[in-house]
Each structure stands twice: as C-alpha cells, then as structure tokens.
Amino acid sequence: MTRARAVLPPALLGLVLVALVLSGIRPYDRLTWLLETVWVIVGVPVLLLVWRRFPLSTLLCCLLAVHAMILIIGGHHTYARTPVGDWVRDVFDLSRNPYDRLGHFAQGFVPAILVREILVRRSPLRGSGWLAPLVVCACLAFSALFEMFEWWAAVAAGSAADDFLATQGDVWDTQWDMFLALIGAVTSLALLSRLHDRQVSPPPRRPLDPHPP
C-alpha cells in the first residue's frame, strides 16, 4: 500500500466530518440541513463498518468526499440559496440558482463509480458489455428513488419541505433532476472507467519459482 493510499482516506474522512459539523451550526433551515446531509450522516458509519472487508479505491474515496461536500454545502444554505450558485446565476444571467442542477449531476456521476466498483469486484461483470448499461440503470433507479423521497418529505412536512425540494418554480424540476443524473452517470463512465479499472484490477500474480530453495 502506498503512503498516499494509506493517508488519503482518513484525511478525506476528517475533512468531511469537520465540514458536516460546521454546516450544522446555524444552517438556514434545520429540517433542510438534516434531509440533505442524512446521506452523509448514514453513509460514513456504513463505510467504516465495511471498510475492512471492502476498502474503496482512491478514486471512489475522492468522489464520495466531493459529493458529500456538495450535499453539506447545499444543506447549510439550502440549494436555492448557495452563494456559489447565486454567483453562477448572476454571471451567466440565469433565471434560477443552478446549484441543485450540480447536485443532481453529481447524483449520477459519483454513484456510477460506486456501483461500478461493487459490480466489478463482487460480480462476474468485469469486462462485460453489460457492465456500463447496468451501472447507468442503477443510477437512474437511485435518482427516481430520491425523487420519491422528496415527494414523501413534501407530503409529510408540507410547505416546510419547500427548501428541500428546491424546485424554484420549475414544473419540470423532477424530470431535469433525473435527466442530469443520467448525464452524470454516462459522463462518469466515459471519463473515468479506464482509470477506475487500473485501481480495482487485482495485482498481477507472481509466477511460481520453478527452482524453490
């Protein structure tokens, strides 16, 4: 194991935990913060529990940390009020804060590598032509599940969930969310599959010594 491989995962974990704690200090809306960051709050313990049996690749660790930061920032400010989203809206003269679009793109981009890593390492799909289509389908399924989660939150909380939904008046927001997750998954596979293969490939087997001592 390289030094970077040994140091990077705990460093990323520490960064995410610090950001999570800071984001919980006086967020714009406490319910929105909880709904957005629950994936981080639940995901970190799960990763720690399975790490010994299923340590993640460096690429996946970095992607998960970036995704966690997107969720944490969106939870603290709400997606419709993130300062960086306001800046992009003003610079490009957009009609809405686009930060939630970034979040849903990441919702496809990052899980694509997570699903791919699980399938490559725990199924016979390594090298199969079915691998990429099944990864994309899994990401779309997760995106649809998340949209149902938003629906259930809206039904349960009523207007209190408006900041969590972040539709900003767009009647096609749900369709946009799932479409961006699809684009994110396809883009991730197109850009990162080769790098990911190098990180999850098993080490080459050493040839047997024909003349043992």
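Definitions and cut-offs
- Residues numbered from 1 in each chain as written.
- Predicted model: local features only at pLDDT ≥ 70, side-chain atom pairs only at ≥ 80, totals over all residues.
- Heavy atoms only, no water.
- Helix = DSSP H or I, 4+ residues; strand = E, 2+ residues; numbered from the N terminus.
- Buried < 20%, exposed > 50% of the residue type's maximum accessible area, 1.4 Å probe, protein only.
- Contact = heavy atoms within 4.5 Å.
- Areas by Shrake-Rupley, 256 points an atom, 1.4 Å probe, with all protein chains shown as cover.
- Salt bridge = Lys/Arg side-chain N within 4 Å of Asp/Glu carboxyl O.

### Description of the overall build of the chain
When helices and strands are counted, the chain shows eight helices and zero strands. Counting only residues that meet the buried cut, the chain has 38% of its 213 residues in that class. Contacts in the chain between residues far apart in sequence, at least 24 positions, make up 75% of those at least 6 positions apart. Working note: accessible area of the chain is about 12,700 Å², and carbon and sulfur atoms make up 70% of it.

### Considering the pattern of salt bridges
Counted under the stated rule, the structure contains six salt bridges. The residue D90 makes a salt bridge to R89 at a minimum N-O spacing of 3.2 Å. Take D90: its relative accessible area is 54%, and that puts it in the exposed class. Given a relative accessible area of 25%, R89 falls into the partly exposed group. Residue D177 pairs with R101 through a salt bridge whose shortest N-O separation is 3.9 Å. With D177 in helix α8 (residues 173–200) and R101 in helix α5 (residues 99–122), this pair connects stretches of sequence that are 76 residues apart.

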